[in-house]
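A look at the structure
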Amino acid sequence: GAVVSQHPSRVICKSGTSVKIECRSLDFQATTMFWYRQFPKQSLMLMATSNEGSKATYEQGVEKDKFLINHASLTLSTLTVTSAHPEDSSFYICSARHKMNTEAFFGQGTRLTVV
Amino acid sequence: QKEVEQNSGPLSVPEGAIASLNCTYSDRGSQSFFWYRQYSGKSPELIMFIYSNGDKEDGRFTAQLNKASQYVSLLIRDSQPSDSATYLCAVNLEGWRGSARQLTFGSGTQLTVLP
């Protein structure tokens, strides 16, 4: 399958700071990228869908001003958690799809801990 | 009622046995069904997908779908300790290569294969 690289794999930050997570499709052009959040022992929850060159579509209950998503190119999407708080600590996972009607591939995930 | 339900487990089976994982879903419009394996601290990896009633086999894995009863299962034959992981069921409202936008995940079943 295609390769999606997510960086960093782990990050610890202080409360009130911002953290940027990168998601790259290494061997295909990702027209659509998805950002998920997973709390311990819970299911993956879709946060937002981003299409290259346009604004992200956020799921209900996800604050767009807190979770900034940029999908400026066909190979890179970024998620910035602004003014992070301990309750934002979670496992963030991206997935990417390169055209309509193809499966999406997951990145390795980012474990965010806010202290 | 949750859209996708799985028994959280843990499910323990001895090495070499058959592990049976079950999943039920509520939306009769669901078209395609996916099984993902997720190791602790890692992102999910796709094992199989199925979209037609009946069985689909891939190596030691068999997916079974019954749309009338709205359940999908995963059988793992000759279970190995390396199969120990959380198995996530996901359903999609579109066709078998449909958008991950509509992927809805169950909370996962934790499987332990005892050596």
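Notes on the structure follow.

Right, let's talk about the pairing of strand 8 (residues 71–76) of chain B for a bit. Residues and elements named next belong to chain B. The buried fraction of strand 8 amounts to five of the six residues, a majority that puts the element mostly inside the structure. Pairing of strand 3 (residues 19–25) with strand 8, which is carried by six bridges, proceeds in the antiparallel orientation. When the sheet's bridge partners are listed, Ser20 is paired in strand 8 with Leu75. Where strand 7 (residues 61–66) meets strand 8, six bridges bridge the pair, whose relative direction is antiparallel. In the strand pairing of strand 8, Ala63 is matched with Leu74. Counting the residues that bridge the hairpin from strand 7 to strand 8 gives four residues, and of these Gln70 lies at a positive phi of roughly 60°.

Glancing now at the sheet that holds strand 7 (residues 67–73) of chain A. Residues and elements named next belong to chain A. With antiparallel pairing, the four strands of this open sheet are ordered in space as 1-3-8-7. Two strands close off the open sheet at either side, each with one partner strand: strand 1 (4–7) and strand 7. Strand-to-strand, the axes of this sheet are offset by a mean angle of 15°, without reference to chain direction. Examined bridge by bridge, strand 3 (residues 19–25) and strand 8 (residues 76–81) share six bridges and lie antiparallel to one another. Each residue of the ladder has a partner; that of Cys23, found in strand 8, is Ser77.

Attention shifts here to the pairing of strand 9 (residues 85–92) of chain B. All names here are of chain B. Taken across its eight residues, strand 9 has seven buried, putting it largely inside the fold. Sheet topology note: the strand 4 (residues 32–38)/strand 9 ladder contains seven bridges and is antiparallel. Paired with Gln38 across the two strands is Thr86, which belongs to strand 9. Of the strand pairs in this sheet, strand 9 and strand 11 (residues 109–114) are connected by three bridges, and their pairing is antiparallel. Bridging from a neighbouring strand, Tyr87 pairs with Thr109 of strand 11. Both strand 9 and strand 10 (residues 104–105) contribute to a ladder of two bridges, which runs antiparallel. What sits directly across from Ala90, in strand 10, is Phe105.

A word on the state of the cysteines. Summed over the entire model, instances satisfying the criterion amount to two disulfides over all chains. What pairs with Cys23 of chain B in a disulfide is Cys89 of chain B, and their sulfur atoms sit 2.1 Å apart. A torsion of -70° about the S-S bond marks the disulfide between Cys23 of chain B and Cys89 of chain B as left-handed. Of this pair, Cys23 of chain B sits in strand 3 while Cys89 of chain B sits in strand 9, and the two are 66 residues apart along the sequence. You can see Cys13 of chain A has no disulfide; the closest cysteine sulfur is in Cys94 of chain A, sitting 18 Å from it.

The next point concerns the nonpolar core. The biggest cluster of nonpolar side chains holds 26 residues, and the ones touching the most others in it are Phe67 and Leu112 of chain A. Apart from the residues lying within four places of it in its own chain, the contact partners of Phe67 of chain A are Arg37, Met47, Tyr58, Val62, Leu79, Thr80, Val81, Asp88 and Tyr92 of chain A. Grouped together as the second largest cluster of nonpolar side chains are 23 residues, Leu21, Ile47, Ile50 and Val91 of chain B included.

Once that is clear, we can look at the interface of chain A and chain B. By convention, interface size is frequently given as the accessible area that disappears when the constituent parts associate. Listed by partner, the interface residues are 22 residues for chain A and 18 residues for chain B. With both chains or domains summed, chain A and chain B bury close to 1500 Å², and 52% of this area falls on carbon and sulfur atoms. At the junction of chain A and chain B, the tally comes to zero salt bridges. Summed over the shared surface of chain A and chain B, the number is four residue pairs in polar contact (both at pLDDT 80 or more). At the level of elements, strand 4 (32–38), strand 5 (45–51) and strand 9 (90–97) of chain A are the ones that each hand at least two residues to the side of chain A that touches chain B. In the side of chain A that touches chain B, the residues fall into eight nonpolar, nine polar and five charged.

Conventions and cut-offs
Residues numbered from 1 in each chain as written. Chains lettered and ligands numbered in written order. Predicted model: local features only at pLDDT ≥ 70, side-chain atom pairs only at ≥ 80, totals over all residues. Heavy atoms only, no water. Buried < 20%, exposed > 50% of the residue type's maximum accessible area, 1.4 Å probe, protein only. Helix = DSSP H or I, 4+ residues; strand = E, 2+ residues; numbered from the N terminus. Pairing = 2+ DSSP bridges. Axes fitted to C-alpha atoms, helices over the stretch in contact; angles between N-to-C directions. Disulfide = S-S within 2.5 Å. Core = buried A, V, L, I, M, F, W, Y, C linked by side-chain atoms within 4.5 Å. Contact = heavy atoms within 4.5 Å. Buried area = accessible area lost by both parts, 1.4 Å probe. Salt bridge = Lys/Arg side-chain N within 4 Å of Asp/Glu carboxyl O. Polar contact = N/O pair within 3.5 Å; in protein donor to acceptor, adjacent residues only side chain to side chain. Nonpolar A, V, L, I, M, F, W, Y, C, P; charged D, E, K, R; others polar.

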